[in-house]
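# Chain and residue survey
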Amino acid sequence: MRAINRIAAATAAAGALLPVTAFADAIGGAVQKQATNWEAIIMFLIFVVATLGITYWAARRTKSAKDFYAAGGGITGFQNGLAIAGDYMSAASFLGIAGLVYASGFDGLIYSVGWLVGWPIILFLVAERLRNLGKYTFADVASYRFQQMPIRTMAACGSLATVTFYLIAQMVGAGKLIQLLFGLDYIVAVILVGVLMIGYVTFGGMLATTWVQIIKAVMLLSGASFMAFMILAQFNFSPEAMFKAAVDVHPKGLAIMSPGALVTDPISAISLGMALMFGTAGLPHILMRFFTVSDAKEARKSVFYATGFIGYFYILTFIIGFGAILMILRPDATGAYPFLTAAPAAGAKAVVTSIIGGTNMAAIHTANAVGGSLFYGFISAVAFATILAVVAGLTLAGASAVSHDLYASVFAKGRATEADEIRVSKITTVVIGIVSIFLGVAFENQNVAFMVGLAFVIAASANFPILLMSMFWGKMTTRGAVIGGALGLVSAVTLLILGPTVWKAVLGHPEAIFPYDNPGFFTIPLSFIAIWFFSITDNSETAKNERRAFEAQYIRSQTGLGAEGASAH
Amino acid sequence: MSQNAQRIVNNPKFQELIAKRSAFAWTLSIAMLVIYFGFVLLVAFGKGFLGTPIGSGVTTWGIPIGVFTIVSAFILTGIYVRRANGEFDELNRQILEESK
């Protein structure tokens, strides 16, 4: 139990689990630096060396803009499915949901379900049209028949806002997690993440980013499968026996088997569901992945595989969460509680929040309990790799919004050369990397758990309505799209700040001005209605031309006539 | 509009493809929305039902219903991909071929 002693000094920093915590990484509360964890560091170094090797290989193959943004369009549906799963299975889902199941049982499942159900909608309504119409970014599709400048600017703002909030949450999460798992300084961890992601993206572009995602997805899925297998094996693969044992030791007893206090009123429940479902379909780094495959057929396959991997992963996370209850709240063979800061009083049940390092550590402790310190090191390395892969994907999406949408289409008005565009993209990547290191340091002691939630609400309220309406509604005009998108963006940010998550929990005001944690229920329809209203009232000449251009766009979106293919090599 | 695009619009197969594929995609989308928001509404209004044990054990109805929602997402995507990559893509190939 050497590994336990390393983290024995950590403080329990769980605090009250707010609904947005399911969005969060291991970023709630302060953590103390741990003794250096060499097993984890060595395994992480192996990952870094392997991924840098891939980056070197990818760099030699990355020549054109298509290589840089879309890996040459030559990724297969299966590979892209794994990479999408890699992009999506963040440390938030792994540590956050396992921790949520450990603390509240069934409630964790509610979130897992919400995170998954956006995928079928993406497949049925978005994926093939997106692939047929676009080139590198979702703004290509959103601006297809419209005035390039206003729509690209709007889409780039939506992308950058989504990417920035997501990135801050990831950077702060990375710093804290690595402090806890590896015993490195917060600042060292943040700089390490920033520098590595700059390396992957500037040199290897989308090809390197894709393979980093694939490797990480395979590591995470195998590690989680092993854990779930070991847990279930203790109960002869009977979930009922596992649930029974968990109910016996958990202080909440039978309550962990039913929905708890996490989702209270129907508006909150539906609002969260809408933000998760439609936000997924508006995340720029996810949408970008559809341009890495050769055609609509492969794009569809990618979603099928991704949904399978992500769904399987969430079922594993649920089992791991229950395993955590058993490994952490039950005494071991010697009668000790190695993962709790204090053993419970005689006859009393163990206290959930007395877990060492906070509830986000539940999965990590469980890894230690089922696989020993070597496996604990492996899972720690996987958690680090997970954050690294996600930030690389986000950075590439942010850099593309700047170089492909803002620079090439808005600033240079389509006259920039491919080489210029790639150069701007690489410079932006370095800038985003440095800025995120600074933001990571600046937000070290802030509770940034709400920021992933904010990213999803913006994606659902600004990016998704423009994208969907541009593909489905022939009467949309530039004016409608820009006003609708802007209203969605501004209202999402404003209402989230005025809501309980920021106004009460972060800013410390006694009462929130806006009563709901998640404003999606209001902001998503607002954006759609604004797009509709400001489009139908637009009688300008350009609006008429835009409406006339819909049929050609429609044919391409449906049949793939004239769509981007894979590049030659 | 290009000549190819004009031929596509006039091809009855194109209208057939659009009608079939849209109906299929929307049906499956609605199925997913009903399953998911049904689950969410059960969480909001039917906590008692989700927390009822199945038989004499501790496993509640909420567990299979939650797992079913996850599995249904995968199955629905599978159903769509199977038909879209087979029947619809074949029709699409013919349309593009005939537009040349």
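Since the model is a prediction, treat every value here as computed from it, not as a measurement.

## Focus: the overall build of chain A
Each helix and strand in chain A was counted, giving 22 helices and 0 strands. Over its C-alpha atoms chain A spans a radius of gyration of 23 Å, differing by no more than 12% from the 25 Å that the globule rule assigns to 569 residues. In terms of overall dimensions, chain A has C-alpha extents of about 80 × 50 × 45 Å along its principal axes. When burial is assessed residue by residue, chain A has 65% of its 569 residues classed as buried. Considering only contacts within chain A whose residues lie at least 6 apart along the sequence, 83% involve residues at least 24 apart.

## Here we look at the overall build of chain B
Within chain B, the regular secondary structure consists of 4 helices and 0 strands. In chain B, the order of α-helices and β-strands from amino to carboxyl end is α-α-α-α. Taken over C-alpha atoms, the radius of gyration comes to 21 Å for chain B, far larger than the 13 Å a tight globule of 100 residues would show. With the principal axes as the frame, chain B shows a C-alpha extent of 65 × 25 × 15 Å. A burial count over chain B gives 31% of its 100 residues as buried. Taking as baseline every contact in chain B between residues at least 6 positions apart, the subset at least 24 positions apart corresponds to 66%.

## What to know about the interface of chain B and chain A
Tallying the contact residues gives 44 residues for chain B and 44 residues for chain A. Put simply, the parts of the chain that give the side of chain B that touches chain A at least two residues each are α1 (3–10), α2 (12–45), α3 (47–50) and α4 (62–99) of chain B. The leading source of residues in the side of chain B that touches chain A is α4 of chain B, at 19 residues. In the side of chain B that touches chain A, the residues fall into 29 nonpolar, 13 polar and 2 charged.

## Some remarks on unusual backbone geometry
All names here are of chain A. In this model, Asn236 sits at a positive phi of 50°, which is unusual for a non-glycine residue. Inspection of the secondary structure assignment puts Asn236 in the loop between α10 (186–233) and α11 (239–249). Of the residues examined, Asn236 has 8 C-beta atoms within 10 Å and is grouped as exposed. The phi dihedral of Phe237 falls on the positive side, at around 60°, and the residue is not glycine. Position of Phe237 relative to the elements: it lies in the loop between α10 and α11. Overall, the presence of 11 C-beta atoms within 10 Å leaves Phe237 in the exposed class.

## Quick word on the confidence of the model for chain B
All names here are of chain B. On average, residues of chain B score 90 in pLDDT, and 99% of them reach the 70 mark or higher. Considering each helix and strand of chain B separately, the mean pLDDT is smallest for α1, with a value of 83, and largest for α4, with 93. Among the scores for the predicted complex, ipTM is 0.94 and pTM is 0.89.

## Some details on the environment of Gln170 of chain A
Inspection of the secondary structure assignment puts Gln170 of chain A in helix α9 (residues 148–182). Sequence spacing of Gln170 of chain A and Met476 of chain A is 306 residues, and the spatial spacing of their C-alpha atoms is 36 Å.

## Focus: the confidence of the model for chain A
In low-pLDDT regions, the fine details of the predicted coordinates are not to be read closely. Residues and elements named next belong to chain A. Confidence along chain A averages 86 in pLDDT terms, with 92% of residues attaining 70 or more. Looking at the elements of chain A, mean pLDDT is at its lowest for helix α1 (residues 2–7), recorded as 40, and at its highest for helix α20 (residues 520–536), recorded as 95. Contacts for the low-pLDDT stretch residues 1–29, under 50 throughout, to residues beyond four places or in other chains number 99 contacts.

## Thoughts on the packing of helix α2 (residues 38–61) of chain A against helix α15 (residues 362–411) of chain A
When two helices pack together, you describe them by how their axes are tilted relative to each other and by the distance separating the axes. All names here are of chain A. Relative orientation of the contacting elements α2 and α15 amounts to 45°, with a least axis distance of 8 Å. Accordingly, the angle class assigned to the pair α2 and α15 is oblique. Handedness of the crossing formed by α2 with α15: right-handed. Only Ser373, Leu374, Gly377, Phe378, Ser380, Ala381, Phe384 and Ala385 of α15 make contact with α2, whose side of the interface consists of Glu39, Ala40, Met43, Phe44 and Phe47. Each residue belonging to the contact of α2 with α15 can be placed in one class, and the counts come to 9 nonpolar, 3 polar and 1 charged.

## A look at the nonpolar core
Residues and elements named next belong to chain A. Formed by 236 residues in total, the largest nonpolar core has its most connected members in Ala98, Val193, Ile310, Ile320, Leu388 and Ile458. Take this core: its biggest share by element is 30 residues, from α15. Setting aside anything within four residues of it in sequence, one finds Ala98 in contact with Thr317, Ile320, Gly321, Ala324, Ala362 and Ala363.

## Focus: the packing of helix α22 (residues 550–559) of chain A against α1 of chain B
Two elements in contact, α22 of chain A and α1 of chain B, have axes whose closest approach is 10 Å; the angle formed by their N-to-C orientations is 75°. Of the possible angle classes, the one that applies to α22 of chain A and α1 of chain B is roughly perpendicular. Across the interface between the two elements, Ala552, Ile555 and Thr559 of chain A of α22 of chain A pack against Ala5, Ile8 and Val9 of chain B of α1 of chain B. Partitioning the contact of α22 of chain A with α1 of chain B into residue classes produces 5 nonpolar, 1 polar and no charged.

Parameters at a glance
- Residues numbered from 1 in each chain as written.
- Chains lettered and ligands numbered in written order.
- Predicted model: local features only at pLDDT ≥ 70, side-chain atom pairs only at ≥ 80, totals over all residues.
- Helix = DSSP H or I, 4+ residues; strand = E, 2+ residues; numbered from the N terminus.
- Rg over C-alpha atoms; globule rule 2.2 N^0.38 Å.
- Buried ≥ 20, exposed ≤ 12 C-beta atoms within 10 Å, placed from the backbone.
- Contact = placed C-beta atoms within 7 Å.
- Nonpolar A, V, L, I, M, F, W, Y, C, P; charged D, E, K, R; others polar.
- pLDDT = per-residue confidence, 0-100.
- Axes fitted to C-alpha atoms, helices over the stretch in contact; angles between N-to-C directions.
- Parallel < 35°, antiparallel > 145°, perpendicular 65-115°, else oblique.
- Left-handed = near helix turned anticlockwise from the far one by under 90°.
- Core = buried A, V, L, I, M, F, W, Y, C linked by C-beta atoms within 7 Å.

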